[in-house]
Amino acid sequence: MKRVCNFSAGPATLPEAVLQQAADEMLDWHGSGMSVMEMSHRGKEFTDIITTAESDLRELMDIPDQYKVLFLQGGASLQFSMVPLNLTRPGESADYINTGSWSKKAIAEAERYCSVNIAGSSADDNFTWIPTQEQLQLNADAAYCHITTNNTIFGTEYHELPDTGEVPLVADMSSNILSRPIDVSRFGLIYAGAQKNIGPSGLTVVIVREDLIGSAREATPRMLDYKTHADAGSCYNTPPTYGIYMAGLVFKHLLKLGGLKAVENLNRRKAAKLYTAIDENEFYNSPVRRQDRSTMNVPFTLAKPELDKTFLEKAESKGLVNLKGHRSVGGMRASIYNAMPEEGIDALIEFMKEFSERYA
Ligand SMILES: *Cc1c(COP(=O)(O)O)cnc(C)c1O
């Protein structure tokens, strides 16, 4: 067996220790004689798994008691609809800050249900920056203000949250949840598809303040009402049981590493190394404004774009895979989520150096 350094944006690399544990427990979970995949979601074994996963996530993120944790399906993309369906009344307006492709999709979906005020946008320079507080046109009467805390495609990240006053802040945190400590009480609602920093695809984590639950629009399908899932402990219907189990293993793993402060330190060190390698070498360029750079997704271009294909081929032959940038940015993108080991970054940096020496 030989594992590669997988720089995929998502689904993405998972901690090897977690995969190993899942493999060890595959056929017989804790003496139950069953795989987690084969268990009733109402049985005592799975109840233990989901309860532990929730309490470990609460501990990791220091989630206040007045927030519910929901384990849902439909990806972050279904939250683009669930958020306006649950949080706006007919005739109300919501603020959205447009920082890239995922924000745009969230906006397009919200516009089907409510009026949308684009409170800020970095569209003018191909989303290479994050609007500052002074640049925002916030509506004090908005039902909520939606941001994308990390822009997976463009490689920007909020390093300071906007101040929205009494207006609940709603965040798509799909690609940087659990990458560092955050103050959950600053948010009305947080959501994240699992497949970047949490676990396998098929699971969506929603953290929502209780007062925002229970006023969904009349015609909201029961399955899209947060109250349905909050009242049923995420087991109204069959939840994505194996995904929840895997997420639970990841939460335990992060707690064992020392929690999110320790994770943040490691992430900062990894990202700093890679950005330095890009900045110090004329052959490579980061298109993102320095203070807005993401610690999770690092896009970069080559001085000779005609060499992109060669770069990818040579990288792959060294076991460095999935480095191709998104078509809307071009060049390369290294996604370096929590589970990317520092050795993976070192190997990439070494390869980039060799490549530029040979081809510059
Ligand atoms: C990946 C991603 C999504 C889409 O997630 P799905 O689970 O595929 O719907 C949405 N927002 C952000 C920021 C993402 O990185």
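To start, this report covers the structure provided alongside it. This one's a predicted model, so the numbers in the text were calculated from it and none came from an experiment.

Digging into the nonpolar core
No. 1: Counting residues in hydrophobic clusters, the biggest one holds 52 residues, and the most contacted among them are Met61, Phe71, Leu178, Ile198, Ile207, Tyr245 and Phe251.
No. 2: Ranked by residues supplied to this core, first place goes to helix 6 (residues 241-256) with nine residues.
No. 3: Filtering out sequence-adjacent residues up to four positions away, Met61 remains in contact with Ile177, Leu178, Ile182, Val184, Ile207 and Leu260.

Thoughts on the sheet that holds strand 12 (residues 297-302)
No. 1: Read from one edge of the open sheet, three strands run 11-12-14, paired in antiparallel fashion. Each of the sheet's edge strands pairs with one partner strand only, and the pair in question is strand 11 (284-285) and strand 14 (332-335).
No. 2: Note: strand 11 against strand 12, two bridges, orientation antiparallel. Residue Tyr284 lies in a different strand from strand 12, and its bridge partner there is Leu302.
No. 3: In the packing of helix 7 (residues 260-279) onto the sheet, contacts are made with strand 11, strand 12 and strand 14, and the angle to strand 12 comes to roughly 15 degrees.

Some points on the pattern of salt bridges
No. 1: Applying the stated criterion across every chain yields a total of 20 salt bridges.
No. 2: With a closest N to O distance of 3.0 Å, Asp279 and Arg293 form a salt bridge. With a gap of 14 residues between them, Asp279 in helix 7 and Arg293 in the loop between strand 11 and strand 12 connect regions that are remote in the sequence.
No. 3: You can call Asp279 partly exposed: its relative accessible area is 34%.
No. 4: One network of salt bridges, in which partners are shared, links Arg269, Lys273, Glu342 and Asp346.

Quick look at the side chain of Glu25
No. 1: Considering the arrangement of structural elements, one finds Glu25 in the loop between helix 1 (16-24) and helix 2 (44-61).
No. 2: One buried charge, Glu25, has no salt-bridge partner; the nearest side chain with opposite charge is Lys256, at 10 Å.
No. 3: A distance of 2.5 Å separates the side chain of Glu25 from the side chain of Tyr245, its partner in a polar contact.
No. 4: In this view, Glu25 contacts His30, Tyr245 and Leu249; residues no more than four positions away in its chain are not counted.

Some words on unusual backbone geometry
No. 1: The linkage connecting Gly10 with the following residue, Pro11, adopts the cis geometry, with an omega of -10 degrees.
No. 2: Tracing the sequence through the fold places Pro11 in the loop between strand 1 (5-6) and helix 1.
No. 3: Even without being glycine, Phe127 reaches a positive phi, approximately 60 degrees.
No. 4: Within the fold, Phe127 resides in the loop between strand 4 (115-121) and strand 5 (145-148).

Structural notes on helix 2
No. 1: End to end, helix 2 covers 26 Å across 18 residues, agreeing with the expected 26 Å (1.5 Å per residue, within 8%).
No. 2: Listed in full, the buried residues belonging to helix 2 are Glu45, Phe46, Ile49, Ile50, Ala53, Asp56, Leu57, Arg58, Leu60 and Met61.
No. 3: Buried-residue contacts for helix 2 involve strand 2 (67-72), strand 10 (204-209), helix 6 and helix 7.
No. 4: A positive phi of about 55 degrees marks Asp62, the residue just after helix 2.

Definitions and limits used
- Residues numbered from 1 in each chain as written.
- Predicted model: local features only at pLDDT ≥ 70, side-chain atom pairs only at ≥ 80, totals over all residues.
- Heavy atoms only, no water.
- Core = buried A, V, L, I, M, F, W, Y, C linked by side-chain atoms within 4.5 Å.
- Buried < 20%, exposed > 50% of the residue type's maximum accessible area, 1.4 Å probe, protein only.
- Helix = DSSP H or I, 4+ residues; strand = E, 2+ residues; numbered from the N terminus.
- Contact = heavy atoms within 4.5 Å.
- Pairing = 2+ DSSP bridges.
- Axes fitted to C-alpha atoms, helices over the stretch in contact; angles between N-to-C directions.
- Salt bridge = Lys/Arg side-chain N within 4 Å of Asp/Glu carboxyl O.
- Lys, Arg positive; Asp, Glu negative; His and termini not counted.
- Polar contact = N/O pair within 3.5 Å; in protein donor to acceptor, adjacent residues only side chain to side chain.
- Expected span 1.5 Å × (residues − 1).

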